[in-house]
Amino acid sequence: MANPNRAKRPGTKRFLAWAALAGIVSAAVFLAVAELLALLFARGGSPLLAVGSFVIDIVPQPFKEFAIATFGEYDKIALLVGLGLAVLIASAIAGVLELVRPPLGAIALGIAGVLSVAAVVTRAGATATTWIPSVAGAIAGAALLIVLGRMLRVWRQGASGAAGPASEPAAGVARRRFLLIGGIAAAGAVVVGIGSRVAGATTSSIAAIRRGLNLPAPQSTVTVPAGAELDIEGISPLFTPNKDFYRVDTALTVPSIDPETWRLSVVGMVDKELDLSFDDLVGMGLNEYALTLTCVSNEVGGDLVGTAKWWGVPLRDVLRAAGPASGADMVLSRSVDGYTASTPLESLTDDGLDAILAVAMNGEPLPLEHGFPVRMVVPGLYGYVSATKWLTELKVTTFADDEAYWTPRGYAAQAPIKMSSRIDTPRPGNPVSAGRVPIAGVAWAQTVGIDRVEVSIDDGDWQPATLSTAVGVNTWVQWFVDWDATPGTHYVTVRAVNAAGEIQTQDRAPIAPDGSSGWQRTLVTVT
């Protein structure tokens, strides 16, 4: 027998949908208010960015490697999209809770505010006011959800007829107010939220300051010998353009730092602590260096490696002025976003290694995303233990007393770059025609140099490749082999031998804890 009350409760799913929308609008108001106040009073108080940075900090190493391998330089965009979807779903659930079990929805937004405050105040550089945007946003969002929830319940009650015909006018008023207030709140949240984000970017004139920055010419420049770059289609250029240079870091948004206010502190186990301005650093005299950088997340045959000409000041000169104390063996470098890297002190003070504080990249001030105004560049070490961007502090210490960002997350405290070689062309999935085909790529063995590169076709004898003329031991070299390709599928394998006679290891190793290893073996189709 049909339930006689069913007809009196029409549109249950419809009201749940309106409740979910109310939750989403309330969460949008939460974020919009927080972004506006962060813009006006506390630049580091954005809850979405703080939570995103917190997620980056706690994500397990396998997920981090998956994100880099899957999304590359867009991994942070993927994270923000994922957070946005999570917020969307959670806020919809909060709206439904506020309809069916008030005030659970408002309490849920309050809890979100508490979590946001925790994420904000624990970030590096948090101030006494960074908690205000999250608290104010949570109050505004919860208050709106309570109001919309009450209106929606009156609307639903009148539509069901449960309170009698007298409730219908009240339900109509509640419906109109719900739609009006919800619509105004949604439109306002979009305008204020997006406007605050855009204003936060446009009011920062760092990009314009960078473009107008006139650096003094370097005292010495890199001499590129004849034959240093091969003219082969598909091979990596000798120097990687800035726009193509890989980017891997923990910053969810690129820090904006004015060179006029930038300071570098040298502290810890030193005879004399230093506090340097940008002008102090540049005034020490710039030189040009050609150095290859490699990320520890670079897989065998991967593209998280690049070479550039850097202008900078030797780190040994800065540390010499501070006077490292006896017993110190590590420098903990710190970024403005709180990231830290552990670098052996000897790598920064060795007269034979050009470890530098870089201010320019390929003839122009450092791009914002590559560390403007100052970053570290250290030959022979993976970036996570040496290449700190947006540098603000050097702490002379010991490996026993301090550890860096990635050390407790499954990576080695010290990580020399492993010798490696890569096939750039031909690429898998791009068939080549039978006949004379160049097999070409790059190889690197920092601080030692490449002696030769060898190629094997279908696991046959190793054939010596022709090398480009090396710019130095700390840059990659290009190589090629002319191959008489026959139709079919073929495996091409490459390995390198360094100047000390050591052969690149065939043994496969994963990225963690100190970098991948193994020979690249590529399948090539010949038509």
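A quick note: this is a predicted structure, and the numbers were derived from the prediction, not measured.

(A) Quick peek at the sheet that holds strand β1 (residues 263–268). If you trace the five strands from one edge of the open sheet to the other, you get β2-β1-β10-β5-β6, paired in mixed fashion. Of all strands in the sheet, those with a lone pairing partner are β2 (274–277) and β6 (340–344), marking the two edges. With strand direction ignored, the average angle separating the axes of adjacent strands in the sheet is 20°. Where strand β5 (residues 330–335) lies against β6, five bridges are found, and the strand directions are antiparallel. What sits directly across from Ser-333, in β6, is Ala-341. Helix α10 (residues 315–322) rests against β1, β2, β5 and β10 (391–397) of the sheet, and its axis sits at about 140° to β2.

(B) Summary view of the environment of Val-55. Within the secondary structure, Val-55 is located in helix α2 (residues 47–58). Its relative accessible area of 27% is what places Val-55 among the partly exposed residues. Between the alpha carbons of Val-55 and Gly-283 there is a distance of 39 Å; along the sequence they are 228 residues apart. Residues within four places of Val-55 in sequence aside, it is in contact with Leu-79 and Leu-83.

(C) Region of interest: the sheet that holds strand β17 (residues 488–498). One open sheet holds the four strands; their spatial order is β14-β13-β17-β18, and the pairing between them is antiparallel. Since the sheet does not close on itself, it has two edges, and those belong to β14 (462–464) and β18 (520–526), each with one partner. In this sheet, neighbouring strand axes are inclined to one another by 30° on average, regardless of whether the strands run parallel or antiparallel. Relative to β18, β17 runs antiparallel, the two being bridged by seven bridges. Bridge pairing in β18 links Val-492 to Thr-522.

(D) View of the pattern of salt bridges. Enumeration over the complete set of coordinates arrives at 19 salt bridges. A salt bridge links Arg-436 to Asp-482; the nearest nitrogen and oxygen atoms lie 3.9 Å apart. One end of the pair, Arg-436, is in strand β12 (residues 435–444); the other, Asp-482, is in strand β16 (residues 477–485), with 46 residues separating them in the sequence. In this structure, Arg-452 engages Glu-454 in a salt bridge whose closest nitrogen and oxygen atoms are separated by 3.1 Å. Given the relative accessible area of 34%, Arg-452 is considered partly exposed.

(E) Local environment of unusual backbone geometry. At the junction of Thr-425 and Pro-426, the peptide bond is cis and its omega measures out at 0° in the coordinates. With respect to the element layout, Pro-426 can be found in the loop between β11 (420–425) and β12. With omega at 10°, the peptide bond leading from Ala-512 into Pro-513 counts as cis. As for its placement among the helices and strands, Pro-513 is situated in the loop between β17 and β18.

(F) Main features of helix α5 (residues 104–121). Here α5 is 18 residues long and its end C-alpha atoms lie 26 Å apart, about the 26 Å a rise of 1.5 Å per residue gives. Here α5 has its buried residues at Gly-105, Ala-106, Leu-109, Gly-113, Ser-116, Val-117, Ala-119 and Val-120. Summarising the axial view, the buried residues of α5 lie within an arc of 165°, below the 170-degree limit, and thus occupy one face. Projecting away from the buried face of α5 at angles above 90 degrees are the exposed residues Val-114 and Leu-115.

Reading the values: rules and limits
Residues numbered from 1 in each chain as written. Predicted model: local features only at pLDDT ≥ 70, side-chain atom pairs only at ≥ 80, totals over all residues. Heavy atoms only, no water. Pairing = 2+ DSSP bridges. Helix = DSSP H or I, 4+ residues; strand = E, 2+ residues; numbered from the N terminus. Axes fitted to C-alpha atoms, helices over the stretch in contact; angles between N-to-C directions. Contact = heavy atoms within 4.5 Å. Buried < 20%, exposed > 50% of the residue type's maximum accessible area, 1.4 Å probe, protein only. Salt bridge = Lys/Arg side-chain N within 4 Å of Asp/Glu carboxyl O. Expected span 1.5 Å × (residues − 1). Arc of directions from axis to C-beta.

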